[in-house]
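Residue strings, one per chain:
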Number of protein chains: 2
Amino acid sequence: MREVVILGVGMTKFGISQKSNLEMFVEAGLTAISQSNVEPKDMEALFFGNCLGDFEEGQLHMAPFAHAELGLPISAPATRFESACATATVAIRHAALLVGAGVYDVVLAGGTERAARMGTPLATRTFAMACQAQHESLAGLTFPGVFAMAAHLYASKYNIPLSNLKKAMAEVAVKNHKHGSLNPKAHFQKVITSETVLNGMMVADPLQLFDCCPFSDGAAAIVIASKDKARGLVKKPIYIVGTGQASAGPLYVQQDLTRVKARETACKKAYSQAGLKPTDIEVVELHDCFTIAEILALEGLGFYEFGQAYEAALKGETTFKGKVVVNPSGGLKAKGHPIGATGAAQVVEIVEQLRGECGPRQVEGAKIGLVDTLGGDFGTVCNLILRS
Amino acid sequence: MREVVILGVGMTKFGISQKSNLEMFVEAGLTAISQSNVEPKDMEALFFGNCLGDFEEGQLHMAPFAHAELGLPISAPATRFESACATATVAIRHAALLVGAGVYDVVLAGGTERAARMGTPLATRTFAMACQAQHESLAGLTFPGVFAMAAHLYASKYNIPLSNLKKAMAEVAVKNHKHGSLNPKAHFQKVITSETVLNGMMVADPLQLFDCCPFSDGAAAIVIASKDKARGLVKKPIYIVGTGQASAGPLYVQQDLTRVKARETACKKAYSQAGLKPTDIEVVELHDCFTIAEILALEGLGFYEFGQAYEAALKGETTFKGKVVVNPSGGLKAKGHPIGATGAAQVVEIVEQLRGECGPRQVEGAKIGLVDTLGGDFGTVCNLILRS
């Protein structure tokens, strides 16, 4: 496989937008293309992520329409990927693999979603379709319920008083909101306290309102190229040095909700491909759809022993100058979660961190970063490792 | 790129099924795996096609659930593709590219759809979401309308009396129903006459009921492997020698509905990769969602000059012992059209033709075949060339 780099990146502000999915994606895509010092006509393929365009806007088959709005050539195939929350990460992984293989030299990849405009109650019910419909959604299970079960299991498995775990989860929210307050593109840019979280409305016990990420509108895109193609185009190409993707199926085949087997398998593959280990990673964007999810991810990715990451949250080890800086963008929790765009936005943040462009939220001197995106209730995990 | 082969194939009967998308896909997938003399645990990835599972069954993110039902290993990523009617062909193309690249040695690819159970009127309105929502679907355009416009334009551009074109289109339907009558897996296995077509209910002038394919339930899957991996596993591996995929965007960027630019670009790429030309192709499964679509495809694929394929239909040149045998399976028209499974079923038919297993509908001695699938109103075309 050839060496693969990210040339340029683009993303819209996340939040509530008046724009359509196509308009948002074009904004992100043209920014990425222009930052790459190439033109739309140079793109050889589009790897496009979207989850619920048919429910949001009555739009299926969105990829060729995004392709047309961007002005890409007919010879550049536009392909839609959908892997629930991991949609864009999976699209980017396939783009990286095919550029690595020499099938394409330069491509655009990313995703878009207009989830906020649906309103949270409807979006929660609609997006519950990413659980297994026959056995999970029909029983009334939605994502807050899944992660609430994981939190209870975590507390009971490791003998942690639930009140302690709730304090640790609250610290995850406080940290990610603090990070988000430093990110002008975040959905929420307001600092909160642990009281804000612990006094919040109960959503699914023990998860309260501020334990849950929002649904957001937004899009993000990146240009991926072979190392040769990149030469002379940009000053700081960022290398994709490892990728992993794995599938764990529905809850009924998963033995332990505190151990996300798909993540353990996917990140092992990415680490091994990159020749790196968890202690090499300086900055991470990981899937904190709920505060407990960040704790599970810190363990699954190998940063902490199983059963110990909640203490890291309490001790503040995962913010700037900590052991590993987690979700400097604000994460899904504060930057926001436009489902099909989320993975691409995580990549955008890591790229800007490795280029040293993140201003007040810059992780000083970061050279190696990791992206972690979870799709559905642990059905899909996709990891990417980037380095400058 | 390494040489890539198809080991085994499987498909359900097409028609109206009581089974779920997952049940149908598992039937097709396990058949393909077992025919390949491998086991589910040997699969290294799943390339999964489905269009409307969220509307059909409230199921998004279906790929990892299909993966679990099939018993694939966690390390084998399951990825959903959606490219309207070309969904499964696009999934298969990506599988072939990544096996060719050496990323995987053996994978499963295919698709499933439960479109018939929706009922045709609702399915037609729902699937109209694969047109461009903002400019086309919202104006009331559905697919019969798109292809009706193409038929009128074809007649007017080439100065063909509409009644002559309608006779030619009727012959396409008669031929494909005749082929379907020889296929025990076809949705419709009944011979019809040209009067059946011309006396049919008007759907969208000039398209009558029998000019239109049905929505069907069904699934199809294939196992793709590197040539090395295939050695010793099956007697007649079928080679994937060329692939092409292109994107033409919505109708407002297309200048001439009788010339499907995405097809002309995609098949040129596939022919060139295979080192073959249209006259080398002995058997074709092409996208006859409407009878006029078969005529357009025959020209776009290079079998006939533009404006001349309607005469070929009248003269019966596209059936057994003709110039090129088109849709021996019955095509979308008679074999049926489970949207996200269609491309995989086309591949299944070509594979069985090249292996000489098609009994009464066998194209004698066929060694080279082509698959053509159109997604949406000309937004996506994907072509595959296979040889024995």
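Shown above is the structure to which this text applies.
Our subject in this report is the structure included herewith.

Conventions and cut-offs
Residues numbered from 1 in each chain as written. Chains lettered and ligands numbered in written order. Predicted model: local features only at pLDDT ≥ 70, side-chain atom pairs only at ≥ 80, totals over all residues. Heavy atoms only, no water. Helix = DSSP H or I, 4+ residues; strand = E, 2+ residues; numbered from the N terminus. Buried < 20%, exposed > 50% of the residue type's maximum accessible area, 1.4 Å probe, protein only. Contact = heavy atoms within 4.5 Å. Least-squares fit on C-alpha atoms with pLDDT ≥ 70 in both. Buried area = accessible area lost by both parts, 1.4 Å probe. Salt bridge = Lys/Arg side-chain N within 4 Å of Asp/Glu carboxyl O. Polar contact = N/O pair within 3.5 Å; in protein donor to acceptor, adjacent residues only side chain to side chain. Nonpolar A, V, L, I, M, F, W, Y, C, P; charged D, E, K, R; others polar. Pairing = 2+ DSSP bridges. Phe/Tyr/Trp six-rings, centres within 6.5 Å; stacked < 30°, edge-to-face > 60°. Lys NZ or Arg CZ within 6 Å of the ring centre and 35° of its normal. Axes fitted to C-alpha atoms, helices over the stretch in contact; angles between N-to-C directions. Parallel < 35°, antiparallel > 145°, perpendicular 65-115°, else oblique. Core = buried A, V, L, I, M, F, W, Y, C linked by side-chain atoms within 4.5 Å.

Residues and elements named next belong to chain B. Looking at the element boundaries, S194 is found in helix α8 (residues 194-198). Residue classification places S194 among the buried residues on the basis of a relative accessible area of 16%. Beyond its immediate sequence surroundings of up to four residues, S194 is in contact with A170, E171 and V174.

Here the focus is the relation of the copies chain A and chain B. Take chain A, turn it by 180°, move it 0.0 Å along the axis, and it overlays chain B with an RMSD of 0.0 Å. When the rotation and shift are considered jointly, the pair of chain copies conforms to a two-fold rotation axis. A share of 98% of the interface residues of chain A reappears at the interface of chain B, consistent with the copies meeting face to face through the same patch.

Moving on, we get to the interface of chain A and chain B. Taken together, the contact pairs 59 residues of chain A with 58 residues of chain B. With both sides pooled, the region where chain A packs onto chain B buries about 4400 Å², and carbon together with sulfur makes up 59% of that total. Among the ionic pairs, B:E82 bridges to A:R80, the shortest N-O distance being 2.9 Å. At the junction of chain A with chain B, the criterion picks out 26 residue pairs in polar contact (both at pLDDT 80 or more). Grouping the constituent residues of the side of chain A that touches chain B by class yields 33 nonpolar, 18 polar and 8 charged. Examined bridge by bridge, strand β3 (residues 78-82) of chain A and strand β3 (residues 78-82) of chain B share 3 bridges and lie antiparallel to one another. Residue pairing across strands places A:E82 opposite B:R80, the latter belonging to β3(B).

On to the packing of aromatic side chains. Here the structure, examined in full by the defined rule, presents 20 aromatic pairs over all chains. The structure contains a cluster of three or more aromatic residues connected by ring pairs, namely A:F47, A:F81, A:Y104, B:F47, B:F81 and B:Y104. One Lys or Arg, A:R259, reaches over the ring of A:F306 and ends 3.8 Å from the middle of that ring.

Residue and element names in this part refer to chain B. Where helix α4 (residues 87-100) contacts helix α14 (residues 342-354), the axes come no closer than 5 Å and their chain directions differ by 65°. Here α4 lies roughly perpendicular to α14, going by the angle between them. Facing A88, T89 and I92 of α4, the residues of α14 in contact are G343, A344, Q346 and V347. Classifying every residue of the contact of α4 with α14 by side-chain character gives 4 nonpolar, 3 polar and no charged.

Residues and elements named next belong to chain A. Following D205, the chain continues into P206 via a peptide bond in cis, with omega recorded as 10°. Mapped onto the secondary structure, P206 falls in the loop between β5 (202-204) and β6 (207-208). Phi at N159 takes a positive value of approximately 55°, unusual for a residue other than glycine. Note that N159 resides in the loop between α6 (143-157) and α7 (162-180). The exposed category is assigned to N159, whose relative accessible area is 71%.

Within the largest apolar cluster, 84 residues are counted, with the highest numbers of intra-cluster contacts made by A:F47, A:I224, B:F47 and B:I224. Discounting residues that sit within four places of it in the chain, A:F47 has contacts with A:T79, A:F81, A:A91, A:H94, A:A95, A:L98, A:Y104, A:V107, A:L108, A:A109, A:G110 and B:H94.

Residues and elements named next belong to chain A. Burial within strand β4 (residues 106-114) is extensive, with 9 of its 9 residues counted as buried. Where burial is concerned, the two faces of β4 agree: the one with V106, L108, G110, T112 and R114 and the one with V107, A109, G111 and E113 are both buried. For strand β2 (residues 46-49) and β4, the ladder comprises 4 bridges, and the chain directions are parallel. Looking at the pairing, F47 lines up with A109 of β4.

Further remarks concern the environment of A:G336. Residue and element names in this part refer to chain A. Structurally, G336 is set in the loop between α13 (331-334) and α14 (342-354). Since its relative accessible area comes to 0%, G336 is described here as buried. Spatially, the C-alpha atom of G336 lies 29 Å from that of L72, the residues being 264 residues apart in sequence. Excluding residues within four positions of it along the chain, G336 makes contact with F14, H187, P214, S216, G331 and T342.

So, on to the pairing of strand β2 (residues 46-49) of chain B. Residues and elements named next belong to chain B. Burial along β2 is two-sided: the face carrying L46 and F48 and the face carrying F47 and G49 are both buried. The pairing of β2 with β3 spans 4 bridges and is parallel. By the bridge assignment, F47 is partnered in β3 with T79.

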